[in-house]
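Notes for the structure review
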Amino acid sequence: MNLYHCSIDLKHEAKALVFANAVDQWMSYLQERDVVHTWRLLRRKLHLASDKDRDFILEVEFDNMIQLDKAFSVLGEHDEEVERLYENVSNLIGAFEVGLYRPFPDPERAERMALI
């Protein structure tokens, strides 16, 4: 499992529920294409976070790096539906940061650690 972690702030004029709906449509489409395992969208509660933390977190799980690569390949398709769904999300985003994470220790790393 690989976790693509997106920390997101919306543009000032963007509506949170419109964003949530656009994310749902885009992620559901990617799940239907079998290039996303699962996902969830979270929003900061009661403004309890540091100044560096963004308002939304989108976590997208992939079974493996091959599935992640296929998800990025979908973005490269010249397909009107893909472009529309992606733009409906990206046009609302003012700022973002991303990271790719994995469970730790993972089985491969744990095995190497056991041999040391």
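Let me begin by describing the structure that accompanies this report.

Rules behind the numbers
- Residues numbered from 1 in each chain as written.
- Predicted model: local features only at pLDDT ≥ 70, side-chain atom pairs only at ≥ 80, totals over all residues.
- Heavy atoms only, no water.
- 1 Å grid on protein atoms, 1.4 Å probe; cavity = no way out; pocket = protein on both sides within 12 Å on 5 of 7 lines; lining within 4 Å.
- Points joined across faces, edges and corners; volume = space filled by probe spheres on them.
- Helix = DSSP H or I, 4+ residues; strand = E, 2+ residues; numbered from the N terminus.
- Nonpolar A, V, L, I, M, F, W, Y, C, P; charged D, E, K, R; others polar.
- Phe/Tyr/Trp six-rings, centres within 6.5 Å; stacked < 30°, edge-to-face > 60°.
- Buried < 20%, exposed > 50% of the residue type's maximum accessible area, 1.4 Å probe, protein only.
- Contact = heavy atoms within 4.5 Å.

Taken as a whole, the largest pocket spans an internal volume of roughly 500 Å³. Forming the boundary of the largest pocket are 21 residues, of which Tyr4, Cys6, Trp26, Leu75 and Tyr86 lie nearest the centre. Among the secondary structure elements, those contributing two or more residues to the lining of the largest pocket are strand 1 (2–10), helix 1 (16–32), strand 3 (56–62), helix 2 (65–75), helix 3 (80–90) and strand 4 (93–101). Taken together, the residues of the lining of the largest pocket sort by class into 20 nonpolar, 1 polar and no charged.

Moving on to the packing of aromatic side chains. Per the stated rule, a full pass over the model turns up 4 aromatic pairs. Ring centres 6.1 Å apart and planes at 10 degrees place the aromatic pair Trp26 and Tyr29 in the stacked group. Here the residue Trp26 and the residue Tyr29 both occupy positions in helix 1, the gap between them amounting to 3 residues, near one helical turn. This pair shows no difference in class: Trp26 is buried, exactly as Tyr29 is. The structure contains a cluster of three or more aromatic residues connected by ring pairs, namely Trp26, Tyr29 and Tyr86.

With respect to the element layout, Leu42 can be found in strand 2 (residues 38–43). Judged by its relative accessible area of 32%, Leu42 is partly exposed. Taking the C-alpha atoms as reference points, Leu42 and Arg84, 42 residues apart in sequence, are found 23 Å from one another. With near-sequence residues (within four places) excluded, Leu42 lies in contact with Asp55, Phe56, Ile57 and Glu59.

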